[in-house]
Amino acid sequence: TPRPMSTLAWIFVLQVMLSLGVQAHFWQSRQIGQAAVEDRTMRAIYVCLKQLSEALGTIVFVIRMSIFNRIAQNNQAIAGTVITFLASVSNLGGMLPGTWAPLVVEAIGIDALAATCLGVGLSVLVLYRGKLRRMDDLQDAGWLGLGTQPHQD
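The notes below deal with the structure included here. All of these numbers come straight from a predicted model, not from anything done at the bench.

If the charged atoms of two oppositely charged side chains come close together, the side chains can form a pair. This structure, assessed with the given rule, holds two salt bridges. For Arg-30, the salt bridge identified is with Asp-111, shortest N-O distance 3.3 Å. Taken together, the residues span a long stretch of sequence, with Arg-30 in helix H1 (residues 4-32) and Asp-111 in helix H5 (residues 110-127) at a distance of 81 residues. For Arg-30, a relative accessible area of 47% puts it in the partly exposed group. Given the relative accessible area of 34%, Asp-111 is considered partly exposed. Measuring nitrogen to oxygen at the nearest pair gives 3.4 Å for the salt bridge that ties Glu-54 to Lys-50. Taken together, the positions of Glu-54 and Lys-50, both in helix H3 (residues 40-73) and four residues apart, correspond to about one turn of that helix. Among the residues examined, Lys-50 registers a relative accessible area of 39% and is labelled partly exposed.

Shown next as structure tokens:
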């Protein structure tokens, strides 16, 4: 059976590793200075990291929509509203860091912000691991809300 939440958690782990690669590329570019712009290897690494990031982003989008669809199927009377609401909240959550990150970077620096984001992200994955597994189980109605029964196919 598909386990979208567990798959999403593993994709997030891959994104964390990719982000570490991006951070290492940034440090290397900073050390090289202006010559990094002309270095073919640095440009090729940047392109590869960007392509991998975009591919993982697309996978996350598809998994997220499948999760929203699963939730909507359990609430068919308001399915369209559920999907729209969850997509809107997801979009807000995805756009918010791009708004505040530059301000935080000015205050504490990019390395401290990267370490903080990495620590918080890994902590969330570890702390909510059990809940993520529980959400994968369609027969467990507990995460759907009180008095809600899972949709039977």
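A few words now on the packing of H1 against helix H6 (residues 129-136). How two helices pack is summed up by the angle between their axes together with the distance between the axes. For the pair H1 and H6, interaxial distance at closest approach is 7 Å and the crossing angle is 140 degrees. In this view, H1 runs oblique relative to H6, as classed from their interaxial angle. Together, Pro-4, Met-5, Ser-6 and Ala-9 of H1 and Leu-132, Arg-133, Met-135 and Asp-136 of H6 make up the contact between the two elements. Considered class by class, the residues forming the contact of H1 with H6 number five nonpolar, one polar and two charged.

Okay, helix H4 (residues 79-108) next. The α-helix winds at 3.6 residues per turn, so residues separated by three or four positions along the chain end up facing the same way. Given a rise of 1.5 Å per residue, 30 residues ought to cover 44 Å, and the 43 Å separating the end C-alpha atoms of H4 matches this to within 8%. A maximum bend of about 35 degrees is found in H4 at Ala-101, where proline Pro-102 lies one to four positions downstream. Residues of H4 that are buried make contact with H3. Following H4 by one or two positions, Gly-109 adopts a phi angle in the positive range, close to 95 degrees.

Mapped onto the elements, Ser-66 comes out in helix H3. Remark: the alpha-carbon pair of Ser-66 and Pro-4, spanning 62 residues in sequence, is separated by 7.5 Å.

What follows covers the side chain of His-25. With respect to the helices and strands, the residue His-25 is situated in helix H1. Since its relative accessible area comes to 13%, His-25 is described here as buried. Look past the residues within four positions of His-25 in its chain and what remains in contact with it is Met-42, Ile-45, Tyr-46 and Leu-49.

This brings us to a nonpolar patch on the surface. Judged by side-chain polarity, Val-120, Val-124, Leu-127 and Tyr-128 come together as a nonpolar surface patch covering roughly 400 Å² of accessible area. Take Tyr-128: it is sitting in the loop between H5 and H6.

Looking now at the packing of H1 against H3. Contact pair H1 / H3: the axes reach a minimum separation of 10 Å and the direction vectors enclose 160 degrees. Viewed along their axes, H1 and H3 adopt a mutual orientation that is roughly antiparallel. Viewed along their axes, H1 and H3 form a crossing whose handedness is left-handed.

Rules used in this analysis
- Residues numbered from 1 in each chain as written.
- Predicted model: local features only at pLDDT ≥ 70, side-chain atom pairs only at ≥ 80, totals over all residues.
- Heavy atoms only, no water.
- Salt bridge = Lys/Arg side-chain N within 4 Å of Asp/Glu carboxyl O.
- Helix = DSSP H or I, 4+ residues; strand = E, 2+ residues; numbered from the N terminus.
- Buried < 20%, exposed > 50% of the residue type's maximum accessible area, 1.4 Å probe, protein only.
- Axes fitted to C-alpha atoms, helices over the stretch in contact; angles between N-to-C directions.
- Parallel < 35°, antiparallel > 145°, perpendicular 65-115°, else oblique.
- Contact = heavy atoms within 4.5 Å.
- Nonpolar A, V, L, I, M, F, W, Y, C, P; charged D, E, K, R; others polar.
- Expected span 1.5 Å × (residues − 1).
- Bend = angle between axes of the 7 residues up to and from the residue.
- Patch = residues over 30% accessible without salt bridge, like charges linked within 9 Å, V, L, I, M, F, W, Y side chains within 5 Å.
- Areas by Shrake-Rupley, 256 points an atom, 1.4 Å probe, with all protein chains shown as cover.
- Left-handed = near helix turned anticlockwise from the far one by under 90°.

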